[in-house]
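# Fold and geometry: a report
Residue strings, one per chain:
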Amino acid sequence: MKQCTHANALPHPEPEPRSATCLECLAAGTHPVQLRLCLECGHVGCCDSSPLRHATSHHNESGHPVMRTFEPGEEWRWCFVDHVLV
């Protein structure tokens, strides 16, 4: 089973969210389906089910490897590089 090779290098504690929602969606006049938090820098972006996929765009531009859900009651994390749940 493939494992994430980036989780051990994440900052502790995790960064504070930079915003309460996806600012890129607000600027574009769209609405996020769900939110994701970058565990490297605290960027909040929308999920891949949202029209503009800002969390994935953030990873592609920054290289930050791991994000977590930013939805209440959810706890999972995703590694974009290794394509696995962390």
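Residues numbered from 1 in each chain as written. Predicted model: local features only at pLDDT ≥ 70, side-chain atom pairs only at ≥ 80, totals over all residues. Heavy atoms only, no water.

As annotated in an unreviewed UniProt entry, the protein carries the name UBP-type zinc finger domain-containing protein and comes from Streptomyces lannensis.

### Details of the sheet that holds strand β1 (residues 35-38)
If you trace the five strands from one edge of the open sheet to the other, you get β2-β1-β3-β4-β5, paired in antiparallel fashion. Edge positions in the open sheet fall to β2 (44-46) and β5 (84-85), since each of these has one partner strand only. Direction of pairing for strand β3 (residues 66-69) relative to strand β4 (residues 77-79): antiparallel, over a ladder of three bridges. Paired with R68 across the two strands is R77, which belongs to β4. Those strands touched by helix α2 (residues 54-62) are β1 and β2, and its axis lies near 120 degrees from that of β2. (Pairing = 2+ DSSP bridges. Helix = DSSP H or I, 4+ residues; strand = E, 2+ residues; numbered from the N terminus. Contact = heavy atoms within 4.5 Å. Axes fitted to C-alpha atoms, helices over the stretch in contact; angles between N-to-C directions.)

### Observations regarding unusual backbone geometry
For the bond running from H12 to P13, omega is -5 degrees, close enough to zero to count as cis. Along the polypeptide, P13 turns up in the segment before α1 (23-28). Phi is positive for H83, close to 60 degrees, though the residue is something other than glycine. Among the secondary structure elements, H83 is positioned in the loop between β4 and β5.

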